[in-house]
Amino acid sequence: MKKVLLFTALAAALTSGLAQAAEKLVVAATPVPHAEILELIKPALAKEGVDLQIKVFTDYVQPNVQVDQKRLDANYFQTLPYLKSFNEGKGTNLVTVIGVHVEPFGGYSKKVKSLAELKDGATIAIPNEGSNSGRALILLQKAGLIKLKDPKNALATPKDIAENPKNFKFKELESAMLPRVLDQVDLDMINTNYALEAGLNPAKDALVIEGSDSPYVNFLVARPDNKDSPAMQKLAKALTSPEVKAFIEKKYSGAVLPAF
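In short, a report on the structure. (Residues numbered from 1 in each chain as written. Predicted model: local features only at pLDDT ≥ 70, side-chain atom pairs only at ≥ 80, totals over all residues. Heavy atoms only, no water.)

As a further point, take the packing of helix α2 (residues 31-47) against helix α9 (residues 242-252). Two elements in contact, α2 and α9, have axes whose closest approach is 11 Å; the angle formed by their N-to-C orientations is 135°. The orientation of α2 relative to α9 falls into the category oblique. Considering the relative orientation of α2 and α9, their crossing is right-handed. Residues Val32, Pro33, Glu36, Ile37, Leu40 and Ile41 of α2 form the contact with α9, whose participating residues are Glu243, Val244, Phe247, Ile248, Lys251 and Tyr252. (Axes fitted to C-alpha atoms, helices over the stretch in contact; angles between N-to-C directions. Helix = DSSP H or I, 4+ residues; strand = E, 2+ residues; numbered from the N terminus. Parallel < 35°, antiparallel > 145°, perpendicular 65-115°, else oblique. Left-handed = near helix turned anticlockwise from the far one by under 90°. Contact = heavy atoms within 4.5 Å.)

Another point: the sheet that holds strand β3 (residues 74-79). In space, the six strands of this open sheet follow the order β2-β1-β3-β12-β4-β13, with mixed pairing throughout. Lying at the two open borders of the sheet, with one neighbouring strand each, are β2 (50-56) and β13 (257-258). Bridging between strand β4 (residues 95-102) and β13 involves two bridges; their strand directions are antiparallel. Within β13, the position partnered with Val102 by the bridge is Leu257. (Pairing = 2+ DSSP bridges.)

Here the focus is the packing of aromatic side chains. Tallied over the full model, the rule gives six aromatic pairs. Plain terms: the ring middles of Tyr60 and Phe77 are 5.4 Å apart, the flat faces sit at 25° to each other, and that makes the pair stacked. Of this pair, Tyr60 sits in the loop between β2 and α3 (62-68) while Phe77 is found in strand β3, placing the two residues 17 residues apart along the sequence. You can call Tyr60 buried: its relative accessible area is 6%. Among the residues examined, Phe77 registers a relative accessible area of 4% and is labelled buried. (Phe/Tyr/Trp six-rings, centres within 6.5 Å; stacked < 30°, edge-to-face > 60°. Buried < 20%, exposed > 50% of the residue type's maximum accessible area, 1.4 Å probe, protein only.)

And the structure:
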């Protein structure tokens, strides 16, 4: 009986020790595709002693604020131009850990079937965040709808438009709000994660979309003090595994592209 009790105690201690050894990582993500990809790798990370906890956000501000304040360990939702703009504007010092995927940015409409059908004075909705605003305007320029003063200005706003031959009107909104005005505007420039959440298929529904050469890679982002931690590096490795690549290619059918 004593041997059985001793064995039970040892097993419990071992189990407890393993549980304590697991390092918790709390990561912020937008619902699609970021949180879905994190959910995919959660079991594999658990086997490596990393307790991945996913906090879902629908905005682009709080995930960075809370990582900076050490309320979260990392986030996965943003591009490098957005991160640079955020750091400069908020005085933060968040850093990239690894690039994971590209979400080709696109323009959608329920009022026209092609860009050529856009009439004089048509309303185009774009994100109001610096880098996303610039991304939308650069794409519109590549489509021949406008000309910017500086075609490479990643932080361009409507004030930086040099030529607007069709007198388009620009409605600037938070990125998360853009799918909600699809019925109200003539062209809606939407980030792919929000487009997917709204049931849009970027590969089929977008009237204009970035190519696979898009420089806007989505990164895992952390702080200088934890970016090189063993748990964070395990997360980075898992996010760029063959399993994640296959999942992205099958699940999103071109709407999301692996960047590794």
